[in-house]
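Given next are the chains, with one letter for each unit.
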Amino acid sequence: MSHDSHHAPVACKTELAPERSDLGLIRPDRTTGWTDWLTTVDHKKIGILYGAFAMFYFLVGGVEALAIRTQLIRPENDFVTARMYNQLFTMHGTTMIFLGVMPLSAAFFNFLVPLQIGARDVAFPRLNAFSLWTFVFGAFVLNASWFFEFAHLAGWLNSFDWHKALVYTDFAPANGWFSYAPLSGTFGQNGQALRFTGVGTDFWIIGIQVLGIASLAASFNFICTIINMRAKGMTMMRLPVFTWMTLITAILIILAFPAITVALIELMFDRAFGANFFNPSAGGQPVLWQHLFWIFGHPEVYILVLPAMGIVSEILPTFSGKALFGYPIIVFSGAVIGFLGFAVWSHHMFTTGLGPVPTAAFALLTMAIAVPTGVKIFNWLGTIWGGRVRFTPPMVLALGFIWMFMCGGFSGVMHSAAPADSQQQDSYFVIAHFHYVLLGGVLLGLMAGLYFWFPKIFGRMPNAPVAYIASGMVILGFNLAFGPMHYLGLAGMPRRTHTYQAGNGWENWNFIATIGAYILGAGVFIAFVNLFWTAFKGKKCASDPWGGRTLEWSLPSPVPEYNFAQAPIVATRDAYFEDRHGGKRIAYENDGGEAGVHMPSQSWMPLVASAGFLFAGFGMPMMAMGVPHAGWIVITGLGVLILGIWLWAVEGPGGYMLKTPAAAGSPAPVETAAH
Amino acid sequence: MFSRFFSRVGLLAAPFLALIMAGCSKAEMTVRQSTLDPKGPVAKMQYDVFMDTVWLVVVLFILVGGLLVYAVIKFRARPGDEDAPRIEEGHGNPLVEIGLITASIGALVIIAIPTLSAIWYTDDVPVESVPTSKLSAWYPRLEGAKENYAKVVEEQVLEIDVIGKQWWFRFEYPQLGLTNDAKRSVPNEFVIPKGKAVRINLRSEDVIHSFWIPKLAGKVDLMPGRKNHMWIQGDEVGHYYGQCAEFCGDSHAYMRFRVEVVEPAEFAKWVQKQKTDAGAVVASPKAEKGKALFAAKTCSMCHNISGHYGAGAFAPDLTHVASRKSLAGAWLDNRDPKAQLAKEQQTQNTESSVEVDKEVLRANLKKWIGSSGVATGADGKPTKDVKPGNRMHFYKMFNVAGLTETQQKFTADELDCLAEYLLTLK
């Protein structure tokens, strides 16, 4: 275990002497370009990769959404077939939740949490890389179902014997993101495992399973990081609110994902091995799937929304020139939301025949969760109150977040009244409700975060007029698309129907909704192009362009590899703002400088281990298709996974020393970290 | 300054306001599946709870939204702020916080009370509705007929069993002898007496479906392996539209149904009619040929036609197919669409209905039978399934030896004959 001694501190990692790991392989520490990105353990680069993949999948999910809306633009349209429509809405929901919002939140966790708590990296840098690549491969497996589907539709698979033997030929999942058994499961007795759907469901099961592993690994990492790696003086009640929400989200993930993991394993066993967990004809209980799914699925909603709430809680004080109103209440209400989030799952099941007593209990608990949510809105209002509101793209988006989220919250309160909900459940009213929460709320919040922190991430300022135009289009298009859906739901239009008949009075509003969706899609696209352009060509800006409040703004932009040249010691909440304007300065520890900062070594092993999931993820559905020898692909995948983890364990942690500028807070540009 | 701001806001808001106003017209509120036009006590109760939440939310929206808009305008940065002294850093006000939390809880109690009472009310036929809804209290004994129900059920309310399948609903009236076992079940459309509480028993034979007639009651799911129930009551005569509300596979959108609310005397006649067998086919040689084809093309293996073919129990009962206003899971409408539209406009009522149009029905029958599961139609072109994945020609899913995909193909003449035959089944 020889690392530090091998390396004298260097100014830039490319100056390092080649070093072999305990396996005898050269460590990829000195690399640049592609190799560097594939082997990186730097939380900032991992955050950027998470963000890039998430934005790509936002566009994929957006295209799916526009195809859905195009199909519904007029009655009895045949833009897509019934099955294709079902696949589109399934993949739209799954993509937006697991491949769009969650990884974009993870991008913020990765980039910001160490900076906000004054740390130099996350607790387990290689595990962090493993989370990233596992997410990437899980997303790949899930979307690979589309390639099989299109190959099937194009007729490329027709000549295979296994293809001729298939009963169902849907290759992309068509169960909805909730995949209710027994539609997703099996029927019949004696372990026949007869199915209602094709291998698309198997792709979905394994894809979500792999994505869950990525989320769990990342969550353990962030809990350890936030608890253990805070700078001196950074007590829990001095944590920036975004970091607090990250912590709560991570705890929610590790408590919620086991439920879906169990459910997915049971469903997989039903389908692949003839188990009978959800098979009613063999005594299984379809309602069990719903309980397991929603005790994951409801906390999942808060997993999606709490990070956006954290982002908004950072942006509002910055542009109101005023500390967050009621910091402790905001933090505690976040925790209460997280806690109550586990107590309301059955409000997704009001129509399943729970009986009056459980229905009443879950209705009351659902009303109760409106209280901490309302408290957050009151406190954001209190933050603006008496401040000096500066309008910038992030602030406009954050205000949009509050407004849309408030509307979504109101329709949520309507749902909590179970008798009224029995009319709204599975109608377009629900679609309107959760898009106000997840799109008007979460997406606007995340976009606000992107515009807010892009100058920190890339040292470049997004073009404000373009940002305003894009934001305006998003807000206008969003309301045009989803506002009318409240009416459509109340007018009796059910969800997940690929078409509808003329004469029900739904034609005009569907047309308007589709036009709104096009405007919304164009707005999001313009915003993403604006951000993409900014990352490479945007105008360079100062390290603190907004008048930020938390520690990340004390660093140069882009942030150097080691984050803090000297570790900070904080004495108050909003440490950087207080440092400049208040009485309490940030002190710095006497480290870094010529002696250097210890950096973790880069490694191929997280990528190798994750790649095992790619093989296993392809192998399982191919087994279900009946492709000969596909089982060996699964075994190979598990072998690669185990091998990767084993090599990772024995290669040794490595590490090297990087010199930092001597005096903390000095404006010396740190070119070594520029990517 | 302010007026300019508000005029801008007004300009932005105008289209939305116009949309909302347009949306509030009576016609928009009373569309076929509107939940805002309740025609029975269950839907009414649900509507009332909904309106309670609406009023609460509107008040909160004006308060909170108004404060937000006010705060953003009032506390916006102004030129010269840069030189002003820094705002005092505050960290909240416990009294304000506690006050707001208490107020929120109070607001929720306002809707919690009607919610709780409505949960119990909508769960099962309320005790006070039972006396007038008991079978013995209203269901007439037809002249010359024996008892229409067993002694033990006399004091019960009418029960209807709803069986969900991919992708149609079957209805049975066990107390009145209209069951699948007795070869008397009713697919797609069922009939209830006006003003009588009816208990609905919900069963599924494959996946989860959901039973929803927006004007009569909110939905309850049909869960395989579980016995769910609900109750409905129609207070106005009319033709009501329902739809499966739980995603149930490829053709979920096509899984619709209807319910006819009729006067109690009409109801008795309807029941009596359901108990009659199909008569001898005397219409034409074409119909005779169609009857033979019904067996030759294996239709009779699944479809029951009492009096003609009695082997089928799996598929919709066709004994009275020509009397029904819809076909194929109530997706195809057997009424003349123009006449129907005219009638709805004339009566200002989407529940009014014209009678079955024979030619529309004939076209629907040919379209439905001719396309289902058949790769190429009579014209040699690929067919578009009326209900993709439907079981009519898709035995593959049963995975039973001998029952492979039959891919039945029909010539134009065969379709004509089959339709002619089915049209005789009134």
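Conventions we followed
Residue indices begin from 1 for each chain and proceed along its sequence in written order. Each chain is given a letter, starting from A, and each ligand a number, starting from 1, according to the order in which they appear as written. pLDDT decides what is reported in this predicted model: residues at 70 or higher carry local features, side-chain atom pairs at 80 or more are listed and counted, and totals for whole chains, interfaces and linings draw on all residues regardless. Helix and strand assignments come from DSSP, with helices taken as H or I runs of at least 4 residues and strands as E runs of at least 2, each series counted from the N terminus. Partly exposed residues are those whose C-beta has more than 12 but fewer than 20 other C-beta atoms within 10 Å; with 20 or more the residue is buried, with 12 or fewer it is exposed, and the C-beta atoms are placed from the backbone. Distance between backbone-placed C-beta atoms decides contact: two residues are in contact if it is within 7 Å. We compute the radius of gyration over the C-alpha atoms and compare it with the globule rule, which gives 2.2 Å times the number of residues raised to the power 0.38. For every residue, the predictor assigns a confidence score, pLDDT, that lies between 0 and 100. Classification convention: Asp, Glu, Lys, Arg as charged; Ala, Val, Leu, Ile, Met, Phe, Trp, Tyr, Cys, Pro as nonpolar; all other residues, Gly among them, as polar. When DSSP finds two or more bridges between two strands, those strands count as paired. Axis lines are fitted through C-alpha atoms, for helices just across the contact stretch, and the angle between N-to-C directions can take any value from 0 to 180 degrees. Buried Ala, Val, Leu, Ile, Met, Phe, Trp, Tyr and Cys residues form a nonpolar core when they are connected through C-beta atoms within 7 Å. Between the first and last residue of a helix there are one fewer steps than residues, each counted as 1.5 Å, and that sum is the expected span. Here is the rule for angles: anything less than 35 degrees is roughly parallel, anything more than 145 is roughly antiparallel, 65 through 115 is roughly perpendicular, and the remaining ranges are oblique. If you view the pair so one helix is near and one far, a crossing is left-handed when the near helix is turned anticlockwise from the far one by less than a right angle, and right-handed when it is turned clockwise.

Engineer: What am I meant to see in the overall build of chain B here?
Structural biologist: The secondary structure content of chain B amounts to 11 helices and 12 strands. Looking at chain B as a whole, 42% of its 426 residues qualify as buried. At a minimum sequence separation of 6, the contacts of chain B that also span at least 24 residues come to 63%.

Engineer: Hey, could you run me through the overall build of chain A in this one?
Structural biologist: When its secondary structure is counted, chain A shows 18 helices and eight strands. Radius of gyration (C-alpha) of chain A: 25 Å, near the 26 Å computed for a compact globule of 675 residues. Residues counted as buried form 63% of the 675 residues belonging to chain A. Of the contacts formed within chain A by residues at least 6 apart in sequence, a portion of 82% connects residues at least 24 apart.

Engineer: Can you walk me through the confidence of the model for chain A in this structure?
Structural biologist: Residue and element names in this part refer to chain A. Scored by pLDDT, chain A comes out at a mean of 91, with 97% of its residues at no less than 70. A low-confidence stretch, residues 1–5 stays under pLDDT 50, and its non-local contacts, those more than four residues away or across chains, total six contacts. Confidence drops under pLDDT 50 across residues 664–675; counting only partners more than four residues distant or on other chains, this segment forms 18 contacts.

Engineer: I'm lost on the interface of chain B and chain A in this one. Help?
Structural biologist: When the parts of a complex come together, some accessible area is lost, and that lost area is often taken as the interface size. Facing the 76 residues of chain B at the interface are 78 residues of chain A. Of all the secondary structure elements, the ones that give two or more residues to the side of chain B that touches chain A are helix H1 (2–23), helix H3 (41–74), helix H4 (94–123) and strand S7 (217–222) of chain B. Broken down by element, the side of chain B that touches chain A gets its largest block of residues, 15 residues, from H4 of chain B. Tallied by class, residues from the side of chain B that touches chain A come to 39 nonpolar, 22 polar and 15 charged.

Engineer: What should I look at first to understand the sheet that holds strand S10 (residues 256–262) of chain B in this one?
Structural biologist: Sheet strands pair via backbone hydrogen bonds, and the direction of the pair is either parallel or antiparallel. All names here are of chain B. Pairing is mixed in the open sheet, where five strands are placed in the order S4-S10-S9-S6-S7. Each edge of the open sheet carries a strand with a single partner, namely strand S4 (189–193) and S7. The sheet shows a mean angle of 25° between the axes of neighbouring strands, taken without regard to direction. Direction of pairing for S4 relative to S10: parallel, over a ladder of five bridges.

Engineer: Explanation requested: the nonpolar core in the structure shown.
Structural biologist: Side chains of a nonpolar character, in soluble globular proteins, are inclined to be buried together. In this structure, Val312, Ala398, Phe401, Ile402 and Ala448 of chain A are the most contacted members of the largest nonpolar core, which totals 319 residues. Filtering out sequence-adjacent residues up to four positions away, Val312 of chain A remains in contact with Trp380, Ala398, Phe401, Ile402, Gly445 and Ala448 of chain A.

Engineer: What is the right way to look at the sheet that holds strand S1 (residues 158–165) of chain B in this model?
Structural biologist: All names here are of chain B. One open sheet accounts for five strands, arranged S3-S2-S1-S5-S8; its pairing is mixed. Among the strands making up the open sheet, the edge pair consists of strand S3 (186–187) and strand S8 (228–232). Note that strand S5 (residues 198–204) and S8 share five bridges and pair antiparallel. What sits directly across from Arg199, in S8, is Trp231.

Engineer: Got a minute to help me understand helix H11 (residues 412–423) of chain B in this structure?
Structural biologist: Because an α-helix completes one turn every 3.6 residues, residues spaced three or four positions apart along the sequence face the same direction. Here H11 of chain B contains 12 residues, and its C-alpha end-to-end distance of 16 Å stays within 8% of the 16 Å for a straight helix at 1.5 Å per residue. Against the buried residues of H11 of chain B lie helix H8 (285–296) and helix H10 (358–371) of chain B.

Engineer: I would appreciate a short explanation of the packing of helix H8 (residues 286–320) of chain A against helix H10 (residues 356–384) of chain A in the present structure.
Structural biologist: Helix packing geometry: the angle between the two helix axes and the distance between the axes. Residue and element names in this part refer to chain A. Running from N to C, H8 and H10 cross one another at 15°; their axes reach a closest spacing of 9 Å. When the axis of H8 is compared with that of H10, the two are roughly parallel. When the axes of H8 and H10 are compared, the crossing they make is left-handed. Between H8, through Met309, Val312, Leu316, Pro317 and Ser320, and H10, the contact on the second element is made entirely by Lys376, Trp380, Thr383 and Ile384. Taken together, the residues of the contact of H8 with H10 sort by class into six nonpolar, two polar and one charged.

Engineer: Which parts of the structure should I look at to understand the confidence of the model for chain B?
Structural biologist: Low-confidence regions, as indicated by low pLDDT, have predicted coordinates that should not be scrutinised in detail. Residues and elements named next belong to chain B. The share of residues in chain B with pLDDT of 70 or more is 85%, and the mean pLDDT across the chain is 85. Predicted confidence for residues 399–405 stays below pLDDT 50, and this span has 10 contacts to residues more than four positions away or in other chains. Prediction confidence for the complex, expressed as pTM and ipTM, is 0.92 and 0.91 respectively.

Engineer: Honestly, unusual backbone geometry in this entry has me stumped. Any pointers?
Structural biologist: Across the chain, the bulk of peptide bonds are trans and the bulk of non-glycine residues have phi less than zero. In this structure, the amide linkage connecting Ser557 of chain A to the following residue, Pro558 of chain A, adopts the cis form with an omega of -10°. Relative to the elements of secondary structure, Pro558 of chain A occurs in the loop between strand S4 (539–540) and strand S5 (568–569). The omega angle of the peptide bond from Gln166 of chain B to Trp167 of chain B is 0°, so this bond is cis rather than trans. Mapped onto the elements of the fold, Trp167 of chain B is located in the loop between S1 and strand S2 (168–172). Positive phi, normally seen in glycine, also occurs at Lys183 of chain B, with a value near 60°.

Engineer: Is there a simple way to explain H8 of chain B in this structure?
Structural biologist: In this model, H8 of chain B (12 residues) spans 16 Å end to end at C-alpha, consistent with the 16 Å of a helix rising 1.5 Å per residue. Contacts from the buried residues of H8 of chain B go to H11 of chain B.

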